[in-house]
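Residue-level structural notes
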Amino acid sequence: MLIFERSRPGRRSAAQSPAARAATGEIPQRHLRTRPPRLPEVSELDVVRHYTGLSQKNYSIDTHFYPLGSCTMKYNPRACNAAALLPQFTDRHPAAPDDTGQGFLACVHELQEMLREVTGMAQVSLAPMAGAQGEFAGVAMIRAYHDSRGDTQRREILVPDAAHGTNPASAVMCGYSVREIATDADGNVELAALRAAVGPRTAGLMLTNPSTLGVFEHSILEIERIVHEAGGLLYYDGANLNAILGMVKPGDMGFDVIHINLHKTFSTPHGGGGPGAGPVGVNAKLAPFLPLPLVAGPDGEYRLLAEADRPLSIGRLGAHLGNGGVLLRAYVYMRMLGADGMRRVAEFSTLNANYLMVELQRAGFEVAFPRRRASHEFILTLRRLKEETGVAAMDVAKRLLDKGFHAPTAYFPLLVPECLLIEPTETESKQTLDAFVIAMKEILREARENPALVKSAPHETPVRRLDDVKAARELNLAWSGR
Amino acid sequence: MLIFERSRPGRRSAAQSPAARAATGEIPQRHLRTRPPRLPEVSELDVVRHYTGLSQKNYSIDTHFYPLGSCTMKYNPRACNAAALLPQFTDRHPAAPDDTGQGFLACVHELQEMLREVTGMAQVSLAPMAGAQGEFAGVAMIRAYHDSRGDTQRREILVPDAAHGTNPASAVMCGYSVREIATDADGNVELAALRAAVGPRTAGLMLTNPSTLGVFEHSILEIERIVHEAGGLLYYDGANLNAILGMVKPGDMGFDVIHINLHKTFSTPHGGGGPGAGPVGVNAKLAPFLPLPLVAGPDGEYRLLAEADRPLSIGRLGAHLGNGGVLLRAYVYMRMLGADGMRRVAEFSTLNANYLMVELQRAGFEVAFPRRRASHEFILTLRRLKEETGVAAMDVAKRLLDKGFHAPTAYFPLLVPECLLIEPTETESKQTLDAFVIAMKEILREARENPALVKSAPHETPVRRLDDVKAARELNLAWSGR
Amino acid sequence: MLAAIGVDSIERLFDEIPRELRTGELGGLPPALSEMAAMRLMRERAERDGAWLNFIGAGAYEHHIPAAVWQIASRGELYSAYTPYQAEASQGTLQTLYEYQSMMASLTALDVTNASLYDGASALAEAVLMAVRCHNSARRVLMPASVHPVWRRVARTLVRNQGIELVEVPYSAEGGHTDPQSLERYAGKDYAALVIPQPNFFGVIEPVDELTDWAHASGALAIAVVNPTALALLRPPGEWGGAGADIAVGDGQPLGVPLASGGPYFGFMACRRDLVRQMPGRIVGATVDTEGRPGYVLTLQAREQHIRRSKATSNICTNQGLMVTAATLHMALLGPEGLARVARACHANTLKLVSALTAIGGVTRVFGGALFHEAVLRLPVPVAPALRALRAQGILGGLDLKPDFPELGHALLVCATETKSDEDLARYADHLARIVGKRPRAAARALKPGT
Amino acid sequence: MLAAIGVDSIERLFDEIPRELRTGELGGLPPALSEMAAMRLMRERAERDGAWLNFIGAGAYEHHIPAAVWQIASRGELYSAYTPYQAEASQGTLQTLYEYQSMMASLTALDVTNASLYDGASALAEAVLMAVRCHNSARRVLMPASVHPVWRRVARTLVRNQGIELVEVPYSAEGGHTDPQSLERYAGKDYAALVIPQPNFFGVIEPVDELTDWAHASGALAIAVVNPTALALLRPPGEWGGAGADIAVGDGQPLGVPLASGGPYFGFMACRRDLVRQMPGRIVGATVDTEGRPGYVLTLQAREQHIRRSKATSNICTNQGLMVTAATLHMALLGPEGLARVARACHANTLKLVSALTAIGGVTRVFGGALFHEAVLRLPVPVAPALRALRAQGILGGLDLKPDFPELGHALLVCATETKSDEDLARYADHLARIVGKRPRAAARALKPGT
Ligand SMILES: Cc1ncc(COP(=O)(O)O)c(C=O)c1O
Ligand SMILES: Cc1ncc(COP(=O)(O)O)c(C=O)c1O
């Protein structure tokens, strides 16, 4: 039932708005709304019961194992939320002067510095509001850098074919064209293809390392040399930073610019789609171009740097300092981890991934890159299963829902057929991984004995498989009433 | 799965305790524990996922209609919780001097005064921590009053046979014996029986009005006269105050002492069993005996009155000022209602109950007191249904769970056979009541067509009907490990 | 676990990383804090920032947020779920988004909305890009100077690399809004869109009908920039002019999202049905399951980067989902009447504040145009020191317009939402009177408690 | 709805109430507040009470509460459910209670526990009543003066109407605990029980083995009064003396329940299996459903008032369920090692505080007995004005023992839990030194940061 269907004319949550209806004062009649918007007319109990009920239809970290590759769905300590919701933080107006926000700014400045430290970059800006906006900022800085040197013929960004879709999309938003680089049989960038592609039009290469194939790019130093020698810059997509936290720094690998998905590696809960935060880090060359505002300090007062302080900046990405509440959560998370904790993140996320990979292999699943270590995630390919039984990766994914697990990422990266990208994260226990293996084994058996069962999954969820085609063909994007 | 079964030796939520293990200092070895307690060894994620999952197995106001008669399960505005959890309130030590708690004390003093006003009593004490403790305090005051006058032969408390079990139990805890008074066919106290019972041994009569039969005691003024003329005092069990808030005051009905279930009428959420609060109100005669502490003010400073201020007090019922957090919630609730809101509580809870009673009657159910108005609750008797189909009140209650409703109170009051005591409360909408009627109709049909279905209900709950007998015979009250 | 993998140490699992790259100590990081220590630190930091009586608006507005909003939105099932790619396991999030889209569509009187963008400013940029995609040739967009100056800068950052130009349209010095006549100079040229704020940055009501009609007559789209609170009271973009605005964007913060130093907020975007395939961001659609039961899915994903890659309508992926959940709860709790009351109370309070402050000698209202819940005032003294003096009294007195609008003199943008009591307004007026060294006249005194 | 009922107004539904009794206006009540106004009022009130550096214990202890505890316990499904009478619809609450009982049984090393009583003080009274029920004749119970004085008063209020006498046993002036020898004078008389606090009100460790054995030798039950934090470190009641204490009670507040001016807290009670039918309060038992799956129900209800009425073991009905849920979460989050670390940190901090304060001239420790996390100190000046002076510095310096123990002179009960940093302790010592007009000696200075 929709909230609109609970609505009854005249019903209200009376305590939630002023007791009186003030006059419309000086607003001319012709500017006034003639019909009220069709918001639901319901009581507070209606609202609470409706959305509490809806929430129970979700799978989530707090209720389910969520091995969604590339998304790093790990447990977010509850203290992070509690700290970010302290009333002085939530109540502060963004345009309040810096001297009214020294506590907040101290936190975000320290966050900036910690991110610098773990990534090995020279400077960090917290402004981008998600990974993709970080990518935009990063590529825009690459462009600003080349442009500032008059090197304006560089109009091409190289992207491995395994890259996340945001990479090419971000490059295009910066006015670049995109050229894909092939991947070799072991999941590495094909060096020959890369060599063939670089040249005077190369603005840069965007790379995820460990890649979205779940493996560490062996030849990263060679790649670095090839790109830099061609005059391009090296962009690091930090979505998989979880795997190498405290182990190896993008800065040390030679990257010029990096974005970090705070909501992945630094564990802000994903909120059913966001908010996230996508801070960017750069080496000294690119520092003048960082997006605004930056947080300066701590000598004397913390303050936000603006256009006058940073005339070469690519500018602002949003009205304020990015997603402040997300930054606070990440700050608390990092402080509670400390240096040792960072390293443990990489160790245990890698341990869990390799264990799960081996166990699933043992259970009869085909690993896409069997000669490689898993990083914090790994890929199964169900190509053979599909051929044998007709059961596709999506069917297995849906059947997992019935067994009480969220599905892994399916059909990404696009270049591995019938793939499942599995990322257990460091916060899950061995018991949970073992239970997942058992469920996968069961599904394998079901696929062979009763493929129809798997192909028609899920059976136990609040709704059965939904008709995507109908949704796209007969667009129904808003309630039209009755 | 029990939390203990998720436990693994050595696992910890490390952030939740000091990083180091301090020494045991001056504690002699022989006083130290030799084996650690068997608490679970789990991560924070284990805990969050375990208890989030468990919570989803509950029915609750926030998820279900909960027509539990006598319990007043109404919606509690979320602001009440938010206010009570303000950090300065939650962090204040109970032994901190009054001058550090003027904000808190102002709230509870105003609550005391508002309760005085709505009950029509002369003075109120907030000390009792639930209705039953309020009853204890009330009866103890009755005893202290008689004793203070040397009237020590009064050792008997009269209680209608429909009364809640706490009434006789509380009387016994005060050293009284209990005598039951019969109920007439319309749910009133049998006046003849009352007249026969009163006498020089009568300390008082405990009455719920509207009674637990869901009807207003017609002859309340006559009852008052009978008891008072016999030298007894009149005790009001305020569990059903919801029905008459702003309509009639217990003080005006002639009651000498009253307890109020704040967690019912004043809407503190019940927390799966408590906490509640059971303030007591008295007329001037009994005021000197009120339990401690009392909140004095507001001239100058608010302060807690103690033994020295109130030498005749029956004393203290707990270590501090009752359940302060519950008092704050009730205070906010009452402030948000205001005078008009109070009256609306009575109006709409009564309207909803009468509507539901009539509709269920129409649907074929037998109302226990068909000649009476319902107060805020009413009783169905399924005696005939049981005779015809074998389906008992408990079966209907369990079958309601399958239909997405919490069950009404069953088998209380004890004197109506196969009864369901139904209290919809004022916060439920007509849609919900109508849906409930439909469910009840369905069950009636099922009882006739397929009684086995109803008798074996529930079918859709996390567990099916549980074996109470086994639980009581083969006591298993704590996990014994494996 | 190591045995199962066949290695003897966790260290071995990192053996594909070139040795020379391996990090030693993370020296720059402080040691781990327990939760107790972390919370104590954060409480101390928060207390340092204190609590203020706030009269700043300027794109972010202080409103009462019902306690239920975040108590529900913080439930683990909502808070810790990912983007609802697995629809069957995400009906809670998906239905909530569908309800949000429905509410937002009705609020804007447009056909469809997406499930959020980062914030209002970046949503404006996305609207510009979208308009350019919809237009067959133009790469220029008319951007009135009465649009929030930071939003304009953000839009520029986000569109300029694609060679799109934002042409500034001046505001009327008297009215404070965009003068339809002043658009004549752009007539006949090729613009993809005209941006129309309502109310505008100065709090002034714009002549939206004329502006919308001008845009359409010029072959441009009309992009509305609106405040969602105001939409409960003001005529919605879908009803502007003869044909209605084509796209509407804004910041959703006023709908249950705390100020929080600027984020996370969310941007909303609505448009006409026929433009939906050019709209960026996620969209939820209603459908049915194999048993015919209603359900909700992410739809039109072929516009998005994870499918279309370099040809996507935008690179946006993670959006501001949880904020949208909060906004949905907020709108449901207020309902049409509640939201309208909030809007009216904001308007009334701001009028009261304006009359209390302009009762102070030398304080005047800068623009003649009708206002919604903000106003530009001119002080007889420089604004920055006056604001500092107010701060010493615990008051945030508004936004100094000097940096962005030096032409307005000692101009101050103030806002009084429904959260302000008459006492609050009087307190502000009192202190400002003292600071500018003038006695308030009758109107201001009338607000004082007890008079 | 009125039509369905067959009346023409709601008013008619109240026609059975005698006219003359009907209330007119509820004159004394203030008008309704919106949620916004109510929250603003409450915030102002809360701020009036401020925040303090607290060194008071005396039965209520400041501990860090993991953020997860109340975020989970406040979930609507737990917060807004009733007592789990319908077991099939209440497995969340019931299983949680069963887990709580299991944890508490292990913590006390007794067989069974109930699902809570109101608070520690009333739980002590219930234990006394229970002991009397268990004993075949005695109606007297030995109550050491080292038990919390307010708890003793509460117990008296709750038991005296049943003719039960609490006989006070003095404490040793040197040790601060109950001297087993001093019990000789009660030998041979008929007592239902001896109450044994551990640690006692003064923070001192009692000779629990000797006291328990004495009780048993005298035909009395041993009632332990214990602090749950201490139980992670100290030998549990079930292991006291030869046979173990028979009943243990205490206040559960230290397990995740905020101080909150004194409530809601919860009382716990544990006992030997053979006494369970005399135990008051609700009890949850494990069982199976019709399909053999494990499940949980309220059991042994025949002891309770709603079944047994006047013959019930107690009148208690509503208990402190939600607090128990919080305590269960708290214990699970800390685990055995975490809780022990908290206990050790409290002990260590209190020792540090004692040595910092007794380094001030004239400040001495009153009792020789080993302490857990509280200590009685004697000041060279009257306590009340010293505490007032500390309060002026934002410090709550402890509890003045004058009202209850005048014989101890200028005695002050102090407590430093794990929440106190070395800086906090130094701050207290510094201010106290200034107030009593004495320089601290080396030990106190050693605590100062940076030295
Ligand atoms: C590899 C990779 N890069 C970039 C992104 C984009 O980040 P965001 O969703 O925060 O915009 C993602 C997110 O899913 C990703 O997995
Ligand atoms: C009529 C009646 N009286 C008294 C009580 C006892 O109140 P409490 O549960 O708060 O102790 C109840 C509670 O169920 C009740 O319904």
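Rules behind the numbers
Residues numbered from 1 in each chain as written. Chains lettered and ligands numbered in written order. Predicted model: local features only at pLDDT ≥ 70, side-chain atom pairs only at ≥ 80, totals over all residues. Heavy atoms only, no water. Helix = DSSP H or I, 4+ residues; strand = E, 2+ residues; numbered from the N terminus. Rg over C-alpha atoms; globule rule 2.2 N^0.38 Å. Buried < 20%, exposed > 50% of the residue type's maximum accessible area, 1.4 Å probe, protein only. Contact = heavy atoms within 4.5 Å. Areas by Shrake-Rupley, 256 points an atom, 1.4 Å probe, with all protein chains shown as cover. Lys, Arg positive; Asp, Glu negative; His and termini not counted. Charge placed at Lys NZ, Arg CZ, Asp CG, Glu CD. Near = heavy atom within 4 Å. Polar contact = N/O pair within 3.5 Å; in protein donor to acceptor, adjacent residues only side chain to side chain. Nonpolar A, V, L, I, M, F, W, Y, C, P; charged D, E, K, R; others polar. Domains from an automatic or database assignment. Buried area = accessible area lost by both parts, 1.4 Å probe. Salt bridge = Lys/Arg side-chain N within 4 Å of Asp/Glu carboxyl O. Pairing = 2+ DSSP bridges. Disulfide = S-S within 2.5 Å. Axes fitted to C-alpha atoms, helices over the stretch in contact; angles between N-to-C directions. Parallel < 35°, antiparallel > 145°, perpendicular 65-115°, else oblique. Left-handed = near helix turned anticlockwise from the far one by under 90°. Right-handed = clockwise from strand over helix to strand, strands pointing away.

**Quick word on the overall build of chain A**
- Counting its regular elements, chain A contains 16 helices and 12 strands.
- For 482 residues, the compact-globule formula gives about 23 Å, and the C-alpha radius of gyration of chain A, at 25 Å, lands near that figure.
- C-alpha atoms of chain A, sized along the principal axes, occupy 70 × 65 × 45 Å.
- Expressed as a percentage of its 482 residues, the buried residues of chain A come to 69%.
- In chain A, of all internal contacts separated by at least 6 residues, the share reaching a separation of at least 24 is 71%.
- Surface exposure of chain A reaches about 14300 Å², of which carbon and sulfur atoms provide 50%.
- For chain A, the distance from the average position of its 53 positive side-chain charges to the average position of its 53 negative side-chain charges is 6 Å.

**Considering the site of ligand 1**
- Taken together, 16 residues surround ligand 1, and among them Ser70, Gly131, Asp237 and Lys264 of chain A together with Thr318 of chain C come closest.
- The site occupied by ligand 1 is bordered by residues of chains A and C.
- Contacts to ligand 1 include His164 of chain A, whose side-chain N or O atom sits 3.3 Å from an oxygen atom.
- Between a nitrogen atom of ligand 1 and a side-chain N or O atom of Asp237 of chain A, the distance comes to 2.6 Å.
- Against a free-state accessible area of 390 Å², the protein chains account for coverage of 99% of ligand 1.

**Describing the site of ligand 2**
- Taken together, 16 residues surround ligand 2, and among them Ser70, Gly131, Asp237 and Lys264 of chain B together with Thr318 of chain D come closest.
- The environment of ligand 2 is shared, with nearby residues belonging to chains B and D.
- Between an oxygen atom of ligand 2 and a side-chain N or O atom of His164 of chain B, the distance comes to 3.3 Å.
- Interatomic distance of 2.8 Å between a side-chain N/O atom of Lys264 of chain B and an oxygen atom of ligand 2.
- Burial of ligand 2 by the protein chains amounts to 99% of its free accessible area of 390 Å².
- Mapped onto the shell around ligand 2, the elements with two or more residues apiece are helix H5 (131–148) and helix H9 (262–265) of chain B.
- Considered class by class, the residues forming the shell around ligand 2 number 5 nonpolar, 8 polar and 3 charged.

**Examining the domain arrangement of chain C**
All names here are of chain C.
- Domains assigned within chain C are domain 1 (53–61 + 335–446) and domain 2 (67–329).
- In this assembly, 28 residues from domain 1 lie in contact with 30 residues from domain 2.
- Here domain 1 and domain 2 share an interface that buries about 2100 Å² over both sides, 68% of which is from carbon and sulfur atoms.
- Interface area lost by domain 1 to domain 2 is led by Phe367, Phe372 and Phe405, which between them contribute 28%.
- In this structure, the connection of domain 1 to domain 2 is made through 1 salt bridge.
- Between domain 1 and domain 2 we count 8 residue pairs in polar contact (both at pLDDT 80 or more) in total.
- Each residue belonging to the side of domain 1 that touches domain 2 can be placed in one class, and the counts come to 19 nonpolar, 5 polar and 4 charged.

**Describing the sheet that holds strand E14 (residues 399–400) of chain D**
Residues and elements named next belong to chain D.
- If you walk across this open sheet you meet the 4 strands as E11-E12-E15-E14, and the pairing is antiparallel. What marks the edges here is a single partner per strand, and that holds for strand E11 (364–365) and E14.
- Pairing between E14 and strand E15 (residues 411–415): 2 bridges, direction antiparallel. From the neighbouring strand, Leu399 faces E15, where its bridge partner is Leu413.

**Quick word on the state of the cysteines**
- Per the counting criterion, the structure on display carries 0 disulfides over all chains.
- Free cysteine: Cys134 of chain C, not disulfide-bonded; nearest cysteine sulfur from Cys271 of chain C at 7.8 Å.
- Considering cysteine sulfurs only, Cys71 of chain B is the nearest to Cys317 of chain D, which forms no disulfide, with 7.7 Å between them.
- Relative accessible area serves as the criterion here: at 10%, Cys317 of chain D is assigned to the buried category.

**Concerning the environment of Ala130 of chain B**
- Note that Ala130 of chain B resides in the loop between strand E1 (123–125) and H5.
- The exposure class of Ala130 of chain B is buried, given its relative accessible area of 1%.
- For Ala130 of chain B and Ala471 of chain B, which are 341 residues apart along the polypeptide, the C-alpha to C-alpha distance reads 27 Å.
- Discounting residues that sit within four places of it in the chain, Ala130 of chain B has contacts with His263, Gly276, Ala277 and Gly278 of chain B together with Tyr118 and Thr318 of chain D.

**Examining the interface of chain B and chain D**
- Contact residues are listed per partner, giving 191 residues for chain B and 179 residues for chain D.
- Of the roughly 15500 Å² buried where chain B meets chain D, counting both sides, 61% is carbon and sulfur surface.
- Linking chain B with chain D are 12 salt bridges.
- For Glu110 of chain B, the salt bridge identified is with Arg45 of chain D, shortest N-O distance 2.8 Å.
- When residues of the side of chain B that touches chain D are assigned to their parent elements, the largest contribution, 25 residues, is made by helix H10 (residues 324–362) of chain B.
- A class-by-class count of the residues in the side of chain B that touches chain D yields 97 nonpolar, 53 polar and 41 charged.

**Some words on the packing of helix H11 (residues 383–391) of chain D against helix H12 (residues 422–436) of chain D**
All names here are of chain D.
- It is at 10 Å that the axes of H11 and H12 come closest, and there the two elements cross at 130°. Judged by the inter-axis angle, H11 sits oblique to H12. As H11 packs across H12, the resulting crossing turns out to be right-handed. Within the contact between the two elements, H11 uses Ala386, Ala389 and Leu390 and H12 uses Tyr428, His431, Leu432 and Ile435.
- Residues belonging to the contact of H11 with H12 are distributed by class as follows: 6 nonpolar, 1 polar and no charged.

**A word on the pairing of strand E7 (residues 247–251) of chain D**
Residues and elements named next belong to chain D.
- With respect to burial, E7 is a largely interior element, 5 of its 5 residues being buried.
- Because side chains alternate across E7, one face comprises the buried residues Ile247, Val249 and Asp251, and the other comprises Ala248 and Gly250, equally buried.
- With 3 bridges connecting them, strand E6 (residues 221–226) and E7 associate as parallel partners. Across the sheet, Ala224 pairs through a bridge with Ala248, a residue of E7.
- In this structure, E7 lies alongside strand E8 (residues 267–271), joined through 5 bridges in antiparallel fashion. Bridge assignment links Gly250 to a residue of E8, and that residue is Phe268.

**Quick look at the pairing of strand E3 (residues 140–144) of chain C**
Residues and elements named next belong to chain C.
- Counted residue by residue, E3 has 4 buried out of 5 residues, so it is predominantly covered.
- As paired strands, E3 and strand E4 (residues 165–169) are joined by 5 bridges and run parallel to one another. Bridge pairing in E4 places Val141 opposite Leu166.
- After leaving E3, the chain enters helix H7 (residues 149–159) and then returns to the sheet as E4, a path that is right-handed.

**Some details on the interface of chain C and chain A**
- Across the boundary between the two partners, chain C contributes 179 residues, which contact 191 residues of chain A.
- Considering only the side of chain C, the residues that lose the most area to chain A are Tyr82, Glu88 and Arg309 of chain C, jointly responsible for 6% of the buried surface there.
- Summed over the shared surface of chain C and chain A, the number is 12 salt bridges.
- Between Arg372 of chain A and Glu16 of chain C there is a salt bridge, with its nearest N and O atoms 2.6 Å apart.
- Counting the contacts that link chain C with chain A gives 95 residue pairs in polar contact (both at pLDDT 80 or more).
- For the side of chain C that touches chain A, the leading source of residues is helix H10 (residues 321–358) of chain C, giving 21 residues.
- When its residues are assigned to classes, the side of chain C that touches chain A shows 91 nonpolar, 50 polar and 38 charged.

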